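Analysis of the macromolecular model
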Protein chains: 2
Amino acid sequence: MFNTVTLRQKYTSKEFKKIESELRIKLFQLQQECAKHKLAVIITIAGVENSGRGAVANLLSTWFDAKKLTNQVFWRKDEEAKLRPKHWRYWAKLPMQGEVGLFLGGWYGEPMRRAACGDMSEKELMVIMHDKVKLERTLADNNYVLVKFWLHLDEKEHKKRQKIRKAEKGVCHFSHFEKENGKNYTAVLDTVAKVIPMTDTDFARWYIVDAYDKEFRDASVVKTLIRTMEEAIAAQILNKAKVDAQEDTQVIDSTDTGIAILDRVDLSKTLTKERYSERVKELQNEVYQLTYEAFQKGISSTLAFEGWDAGGKGGAIRRLTGGIDSRITRVIPISSPTDEELARHYLWRFWRHVPMAGYVTVYDRTWYGRVLVERVEGFARPEEWKRAYAEINSFEKQLVDDKNILLKFWMHISPEEQLRRFKEREQVSWKQYKITEEDWRNREKSTAYKIAADEMFQRTDTAYAPWHIIPAESKYYARIEVLTIYRDALLQALHKKNGHGEQCSAKIARLKSVKEITKGHK
Amino acid sequence: MFNTVTLRQKYTSKEFKKIESELRIKLFQLQQECAKHKLAVIITIAGVENSGRGAVANLLSTWFDAKKLTNQVFWRKDEEAKLRPKHWRYWAKLPMQGEVGLFLGGWYGEPMRRAACGDMSEKELMVIMHDKVKLERTLADNNYVLVKFWLHLDEKEHKKRQKIRKAEKGVCHFSHFEKENGKNYTAVLDTVAKVIPMTDTDFARWYIVDAYDKEFRDASVVKTLIRTMEEAIAAQILNKAKVDAQEDTQVIDSTDTGIAILDRVDLSKTLTKERYSERVKELQNEVYQLTYEAFQKGISSTLAFEGWDAGGKGGAIRRLTGGIDSRITRVIPISSPTDEELARHYLWRFWRHVPMAGYVTVYDRTWYGRVLVERVEGFARPEEWKRAYAEINSFEKQLVDDKNILLKFWMHISPEEQLRRFKEREQVSWKQYKITEEDWRNREKSTAYKIAADEMFQRTDTAYAPWHIIPAESKYYARIEVLTIYRDALLQALHKKNGHGEQCSAKIARLKSVKEITKGHK
């Protein structure tokens, strides 16, 4: 793998001067072009110690327009990152469209250093690299151009430079692993020789650069960047043309092809006001205690609400938050994105609100918008919403892996009940703002929404994050259901029994999940 | 203070029902009005335990449009806040224009609880409260409507509710201080009776609410909110009218009234290329070591660059970052704000990049834009940029108080040298993008900029954050100056001597500061 880059190739200063200005202008222009085509560029710069990673970063900061460039380094988990799912820190630092993100070491630096020190098994390394590929896949699919460099030096040159460096400015090791890596060239290279094949994909290529000669190294990096950016722009243009051509022929899929999952939901469930008032208070008191315990144990909750307009999301959420100490809860209403959100991967706006260890985030409408409203209204192209199922499953897996209780609720009502509630909203003065033209328009597309919801349930009802379809024809019944499900999930996460002395795992299995609804009708 | 609110006033359900819908509609409408007038609302809800703070927050979440409402609680310093200046967490969570921020306990909860436990002296409490008033002042001056509630119960009722609460859902104390507070009603009230007079201002009023009766409490809160929002909107309209009337008569102050500070700078300083190349390397090596040490001690650096167009900011910044490990450095280029930035206090976009303990943030253009470009171009109204000096001084004080090395550089060149560099930029192909029509326009306004800069130096050259005017006619000289000043500041912060064995405090005093320039000419 490294043989071809240890030729110690060189440019003379004169040769470099000749091409420098051309490369520089080209690079700068491509940055403007990328901005125009709504592309963001992420450049990973990794390499052997003293191979000039910092110098390359400095060169790129000079040649690109620095006003649209950010430097990011993920060399250690800071306190704020430690309290959140592992990829949170990468998501938090994603560049916007039109920007170049220089990621020194990228998301590879830390795991590679650890692996080279023997601090993780080969299997562990594979799992981590698999996650990186998934991350890169979803970024590449959503307007990110990814280029990864490994700056290479042969062992002799590496040793020589270490000596010079030590004499000149001394060596400051920012971590234990870094120090060890400096001593063990072979172990580092062995790791790189494993990591690169695991993560070299057509959407996020690795380039090994002969870094012996400064000029040759810089020219190699810049030429590669130019080629990659040109290709990305060409692909973007081609894709745009394809999409434009399709646009006229695209039809909304609105033929009901059978009984949808939602049609099988028993909507007759109801609850008296008396029973409701009593239960809601009891459950809130229970949830209050349990969320307090979960907080102390660093167990977070992510509660996601979807469902028909007027399905009672807001009311259910308020009964839920009424049972949690406000110090540890946040409700995130999802409406139109800000420009900072629009200029990034569509999941960024949800990542930024992911709860810290122990906290509770309630999303009023969620990332499922991608496969619901964006699909139905044509805001997302078919290939975009089709791949979103996998992207969402992967996002949710990360939450769950981080001691997060993830619950997804669909508040379900019949079209008749929806109509009744719409009309009621038009009648009651302080409810009028809650009903708009858009709600009526959405209602007309209910079949398309039902089809979209059906596919969503099938593709995202995972073992680790099942859907809970709540029969919400009776608001009282629905609110109690939501509170009960959350209560039981908390009990389970805390390894406790519920009020009746039952094991909670058993109780959870009896919840109104998609699985059960489907099974009941087979 | 509390006598008037212990009357246990009541509304019957019927009385409340009668006004409920009117209040609710009004509140909702005013939220829309505030959005239209670019106002953000921050509501602090504090009070005696079990006085219904959570219930009031829930009511407001229901009555306001929840899509434009955020809940924030600052009950403890999370890890991410601990690593930053004390007010960072409040700035980080500021609502946008058009939004309502419900701040439970606001920025009062934590200090009040501590004070009531005797955990701080009266003097300490006063200092903290003085800071809160300053924070509220700058928010109120920049489109924030502030309302603060203390929900009150007499001691007998307080004790009674504690008992009920304990029986119903138990008591979970989220902090030691909270637990102590619950036990000591008198101490809490004594503290409140100190805090309220210290922080009750015409721009951020406290309202003590009789919270004995649920309906009376809710109506009091909502009525107060309605009145405050109405007043704020009226004031905004009046102000707008005044500004519109002034607009025609407003002239840019461009008469040079004497010798400006910048005219006294000795621009003859220069350095040979040989000497430069040698020194830059030496200094970078020194700075590398020192920033490493500072990182380990949690000492941050905030390096702010201002100066004439083509003054050499970018070049100096790159020589600086060339001497710091990229893992701990971030360069923040300041150009046009995003919409999330525009919708908040103008300092918000700088607060969001304030370095964590040990890290280095370099701002390429800074918060001084408020009193430079925004003043000269009329983007900020006179009263806005005039009060900005104090706002900026207060912002910088907070950085310095947080173990931050704050250095402010003005890169100074003569108009002739600027012209030469502009022309050179037009000649060199890869520099062309750096020169725009705007640069030429700014150059024409150089007298206005000089006057603005002069006032800026005079008002913001503080003991804790002096300005360093760098004679930048020679790029080599300027870059070495910047590196030297930073090196010396690091030495001083680390209590070290410099290379010549001198005490650094002495060395620092010899720097090219505004003070020295002024003195030299008196």
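A quick note: this is a predicted structure, and the numbers were derived from the prediction, not measured.

**Overview of the overall build of chain A**
- Within chain A, the regular secondary structure consists of 22 helices and 10 strands.
- Relative to its 522 residues, chain A shows a buried fraction of 56%.
- For chain A, the accessible area works out to roughly 22,800 Å², and carbon and sulfur atoms hold 51% of it.
- Looking at charge distribution, chain A has the averaged site of its 90 positive side-chain charges lying 4 Å from that of its 75 negative ones.

**Here's the deal with the pattern of salt bridges**
- Under the defined criterion, the tally for this structure stands at 99 salt bridges over all chains.
- Residues A:Arg352 and A:Glu341 are paired through a salt bridge, measuring 2.9 Å at the closest nitrogen-oxygen approach. Separated by 11 residues along the polypeptide, A:Arg352 in the loop between helix 14 (348–351) and strand 8 (360–364) and A:Glu341 in helix 13 (residues 339–342) bring together distant segments of the chain.
- A:Arg352 sits in the partly exposed class, given a relative accessible area of 29%.
- What makes A:Glu341 buried here is its relative accessible area of 10%.
- Here B:Glu306 ties to B:Arg365 by a salt bridge, and the two come within 2.9 Å at their closest N and O atoms. In this pair, B:Glu306 is assigned in strand 6 (residues 300–307) and B:Arg365 in the loop between strand 8 (360–364) and helix 15 (373–376), connecting sequence segments 59 residues apart.
- On the accessibility criterion, B:Glu306 (2% relative accessible area) is buried.
- Overlapping salt bridges, with partners in common, bring together A:Glu340, A:Arg344, B:Glu341, B:Arg349 and B:Arg352 in one network.

**Focus: the interface of chain A and chain B**
- Contact residues are listed per partner, giving 62 residues for chain A and 62 residues for chain B.
- Carbon and sulfur atoms supply 52% of the area buried between chain A and chain B, which totals about 6,100 Å² over both sides.
- Looking at the side of chain A facing chain B, the largest losses of area belong to A:Phe174, A:Arg327 and A:Trp430, adding up to 12% of the total buried there.
- Taken together, the connections running from chain A to chain B amount to 10 salt bridges.
- Of the charged contacts in the structure, one is a salt bridge between A:Lys67 and B:Asp364, with a shortest N-O distance of 3.9 Å.
- Across the contact surface, chain A and chain B share 21 residue pairs in polar contact (both at pLDDT 80 or more).
- Tallying contributions element by element places helix 11 (residues 273–296) of chain A first for the side of chain A that touches chain B, with six residues.
- Tallied by class, residues from the side of chain A that touches chain B come to 23 nonpolar, 16 polar and 23 charged.

**Side note on the relation of the copies chain A and chain B**
- Expressed as a screw operation, the relation of chain A to chain B combines 0.0 Å of axial shift with a rotation of 180°, fitting to an RMSD of 0.0 Å. Classification of the inter-copy transformation places it as that of a two-fold axis. Taking the C-alpha atom as reference, chain A places A:Glu80 closest to the rotation axis, 2.4 Å from it.
- In this assembly the copies share their binding face: 100% of the residues contributing to the interface of chain A also contribute to that of chain B.

**Topic: the confidence of the model for chain A**
All names here are of chain A.
- Of the residues in chain A, 93% reach a pLDDT of 70 or more, and the chain-wide mean stands at 89.
- Mean pLDDT across the elements of chain A ranges from a minimum in helix 21 (residues 504–509), with 38, to a maximum in strand 6 (residues 300–307), with 98.
- With pLDDT under 50 throughout, residues 501–511 is counted as low confidence; its partners more than four residues away or in other chains account for 22 contacts.
- Here the predicted complex scores 0.89 on pTM and 0.86 on ipTM.

**What to know about empty space enclosed by the protein**
All names here are of chain A.
- With the rule as written, the count across this model stands at two cavities of 30 Å³ or more.
- In this structure, the largest cavity spans a volume of roughly 40 Å³.
- Lining of the largest cavity is provided by Val5, Thr6, Arg8, His152, Leu153, Asp154, Glu157, Asp210, Ala211 and Tyr212.
- Among the residues making up the lining of the largest cavity, the classes are represented as four nonpolar, two polar and four charged.
- Approximately 30 Å³ is the volume attributed to the second largest cavity.
- Considering the residues around the second largest cavity, the lining is formed by Thr291, Ala294, Phe295, Ile299, Ser300, Ser301, Ile328, Gly358, Tyr359, Val360, Tyr486 and Leu490.
- Of all the elements in the fold, those that place two or more residues in the lining of the second largest cavity are helix 11, strand 6 and helix 20 (475–493).

Criteria and cut-off values
- Per chain, residues are indexed from 1 in the order of the written sequence.
- All chains are assigned letters beginning at A, and all ligands numbers beginning at 1, according to the order in which they are written.
- Per-residue local features of the predicted model are confined to residues with pLDDT of at least 70, and side-chain atom pairs are confined, for both listing and counting, to 80 or more; whole-chain, interface and lining totals are unaffected and use all residues.
- Derived side-chain values reflect all non-hydrogen atoms in the structure, with water molecules and hydrogen atoms excluded from consideration.
- In this text, helices come from DSSP runs of H or I with a minimum length of four residues, and strands from runs of E with a minimum of two, each type numbered from the N-terminal end.
- Summary of the burial criterion: residues with accessible area below 20% of their type's maximum are buried, those above 50% are exposed, and those between are partly exposed, where the area comes from a 1.4 Å probe applied to protein chains only.
- Here the open area of atoms and residues is found with the Shrake-Rupley method and a 1.4 Å probe, where only the protein chains shown may cover a residue.
- All tallies of charge rest on Lys and Arg as positive and Asp and Glu as negative; His and the ends of each chain are not included.
- By convention, charge coordinates are those of NZ in Lys, CZ in Arg, CG in Asp, or CD in Glu.
- Between Lys or Arg on one side and Asp or Glu on the other, a salt bridge is scored when a side-chain nitrogen of the former is within 4 Å of a carboxyl oxygen of the latter.
- Any two residues whose heavy atoms approach within 4.5 Å at even a single point are treated as in contact.
- Here the quantity called buried area is the accessible surface, traced with a 1.4 Å probe, that two parts lose on coming together, added over both.
- N or O atoms closer than or at 3.5 Å make up a polar contact, with two conditions inside protein: a donor-capable atom paired with an acceptor-capable one, and, for residues adjacent in sequence, both atoms drawn from side chains.
- The classification used treats Ala, Val, Leu, Ile, Met, Phe, Trp, Tyr, Cys and Pro as nonpolar, Asp, Glu, Lys and Arg as charged, and all other residues, Gly among them, as polar.
- Our superposition of the copies is a least-squares fit, built on the C-alpha atoms of residues whose pLDDT is at least 70 in both.
- The predictor attaches a confidence to each residue, and that confidence, scored 0 to 100, is pLDDT.
- Think of a 1 Å grid over just the protein atoms. A cavity is a set of points where a 1.4 Å probe fits yet cannot get out, a pocket is an open set with protein on both sides within 12 Å along at least five of seven lines, and lining residues have an atom within 4 Å of a point.
- Grid points are joined across faces, edges and corners, and a volume is the space filled by probe spheres set on the points.

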